[in-house]
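An overview of the molecular structure
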Amino acid sequence: MRRTDVGNPDYYHQVVDCQWACPAHTNVPEYIRLIAQGRFTDAYLLNRESNVFPGILGRTCDRPCEPACRRTRVDGKPVAICRLKRVAADHRDEVTHLLPRAPEKKNGKKVALIGAGPASLSVANDLMPLGYQVTIFEKFAKPGGLMRVNIPAFRLPEQVLDEEIGYVTGMGVDVRYNSPVDSLKALLDTKAFDAVFVGSGAPKGKELEIPGRHDSDQVFIGIEWLASIHFGHVESVGKRVLIIGVGNTAMDCCRSAKRLGATDVKVVARKTRKYFKASPWELEDAEEEQVDIVENREPIRFVIEHGKLVGMEFKKFESVEVNGKLEQTVAGTEILPCDTVILAIGQDNAFPFIERELMEFGKWDMPVVDKTTFMSTRPGVFFGGDAAFGPQNIIWAVEQGHQAAISIHNYCQGVPVGERPQRGMELRSTRMGLHQWSYSNDYNPAKRQKMVHVELKKRFATMSTEVEVGFSAEQTAAEVQRCLNCDVQTHFTESQCIECDACIDICPVDCLTLTPSADEAVIRQHLTAPAVNPEQALFASGALKQTGRLMIKDENVCVHCGLCAERCPTYAWDMRKFTVLIPHAGEQVAEPAATGAR
């Protein structure tokens, strides 16, 4: 088995599972430590370097970091990473003077952004400090895109949106409101811009063409219905409401219906709960608000009597798992009574403003976009967010905005868009004495903190009452201690090892093994503890000078407690804080930083 190259930034980065899983690679352990120290402003600014909208994402993120959290392997519950992000956003000081600014002298390049959603705003955030003149064409009267019109205020207050978007537009972005782009060709023909970024989202809700669909005015498309609520066009709903679909949009629809006066709200799914697209916490919040989740139902027709919608007929299924796959058999039909139906079965992209001769379009009538550079087949025209590859969460749009900004900067400066700035890293010892470290490595048995919600009666009184009140100081203090500091790496220097086995003896999770060299498949069969996750790497040292054996560590099992480094008599093991350096547009990280004393 080959010696592990710990000088490659990706190796230790993958060990920080939460940060690796985050599309924007936010430095989760570091901002949690800053929160633990009461340094909320510093934690907020660290968040903002990568995810741009900490307050927004602290309320709405899909949290890909949390399923990856190593704490889950200890007590079954991840650290409440997303909610701690909100803590930093809610308790920070004024930060305007600490944020990047646009220089007075511009670089002569002009960039147009179509849509003022999270992807476009992230592009503007990265390009404005480099001296670009950025113009955003936005069809609505306010920025934010679907963050504003499709996420209800009871989840995302308008003032949070306004403030964090204002940090970007306040750099001098020329935002032209109520200005939809009707023709990309016409925009390009003006030759007013050196590059164009399309961040128009996926604004078209999917239809359900079954009998009766167009025989009532009480059948709505979910994202259109949510937008109508936002703009004040919808102020009431029927008492009995069916939501078709079980994504996060469906959860926003059913909870909005309760606030508009519905008393009987059901969300109807074709499959079982395991296959729902909605986030688990969204489902929990809906059920707390007395929404019924109905499984194993497929819509057949709308039931119309005397021109009025009175119900919906469904095919019923019985479901079983066979070899990990869901198998369903028809078990009859059922009519569920209703006054209103809201269709939330997905979203599609829509590009009526893009003439097809301008660029290549592929499957699902989507533009062909390079997944690394985000450039279309038309040089100088870039895509990001939902407009690039279909509906995803805000954090994906932000990261795609970062990558598109790199490409736009390269394109405008005459550099091939495929040339990407390389990542670097810092690796610094945390040793402060024989048995003392500059971070807390004690295991804290605290349970995951439960978010407190506003009582039902109060939250149903208005559409804008935020349901989650945020963590208290006591909850925050308990939750930050649950983080295992996975970015503090167990760094091994093989030349100092005397093969005394002290580290192996003291390791509480048996993640270390001394073994003769062999193929990885063979070594995995002879580890001190079984390697249950083959997708995560084994660390392998070079040949040790005493016997030529290898020191092996299963990165999946290690909990970064530091006991190996405390016990080692020769300092062959050290606890070193790892920081991955991820450049954005106009930045370079040429070489990995020094790894500290050996």
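Below: a short report on this structure. (Residues numbered from 1 in each chain as written. Predicted model: local features only at pLDDT ≥ 70, side-chain atom pairs only at ≥ 80, totals over all residues. Heavy atoms only, no water.)

**Here's the deal with the sheet that holds strand β11 (residues 308–322)**
- On the basis of which strands lie adjacent, the open sheet formed by 3 strands has the order β10-β11-β12 and antiparallel pairing. Lying at the two open borders of the sheet, with one neighbouring strand each, are β10 (297–305) and β12 (325–337). On average, each strand axis in the sheet is inclined to that of its neighbour by 20 degrees, with strand direction left out of account.
- The sheet contact formed by β10 and β11 spans 8 bridges and is antiparallel. Looking across to β11, one finds that Glu-305 is bridged to Lys-308. (Pairing = 2+ DSSP bridges. Helix = DSSP H or I, 4+ residues; strand = E, 2+ residues; numbered from the N terminus. Axes fitted to C-alpha atoms, helices over the stretch in contact; angles between N-to-C directions.)

**Re the packing of aromatic side chains**
- Counted by the stated rule, this structure contains 11 aromatic pairs.
- Taken together, the aromatic side chains of Phe-351, Phe-353, Phe-361 and Phe-383 make up a single cluster linked through ring pairs.
- For the cation-ring pair, Arg-63 lies above Trp-281, with the distance from its terminal atom to the ring centre recorded as 3.8 Å.
- Just above the ring of Tyr-44 sits the side chain of Arg-92; from NZ or CZ to the centre is 4.4 Å. (Phe/Tyr/Trp six-rings, centres within 6.5 Å; stacked < 30°, edge-to-face > 60°. Lys NZ or Arg CZ within 6 Å of the ring centre and 35° of its normal.)

**Quick look at the packing of helix α4 (residues 40–51) against helix α8 (residues 81–91)**
- Here α4 crosses α8 at 115 degrees, and the two axes come no closer than 8 Å. You can see that α4 and α8 cross each other, and the crossing is left-handed. Contact with α4, carried on its side by Phe-40, Ala-43, Tyr-44, Asn-47 and Asn-51, involves Lys-85, Val-87, Ala-88, Ala-89 and His-91 of α8 and no other residues of that element. (Left-handed = near helix turned anticlockwise from the far one by under 90°. Contact = heavy atoms within 4.5 Å.)

**Side note on the pattern of salt bridges**
- Summed over the entire model, instances satisfying the criterion amount to 47 salt bridges.
- Across the pair Asp-10 and Arg-423 runs a salt bridge, and its minimum N-O distance is 3.4 Å. In this pair, Asp-10 is assigned in helix α1 (residues 9–15) and Arg-423 in the loop between α17 (394–412) and β16 (424–429), connecting sequence segments 413 residues apart.
- Under the relative-accessibility criterion, Asp-10 is labelled partly exposed at 28%.
- For Lys-553, the salt bridge identified is with Glu-555, shortest N-O distance 2.5 Å. Neither Lys-553 nor Glu-555 differs from the other in exposure class; each is buried.
- Salt bridges sharing partners connect three or more residues here, namely Arg-155, Asp-252, Arg-255, Arg-259, Glu-282, Asp-285, Glu-288, Glu-289 and Arg-459. (Salt bridge = Lys/Arg side-chain N within 4 Å of Asp/Glu carboxyl O. Buried < 20%, exposed > 50% of the residue type's maximum accessible area, 1.4 Å probe, protein only.)

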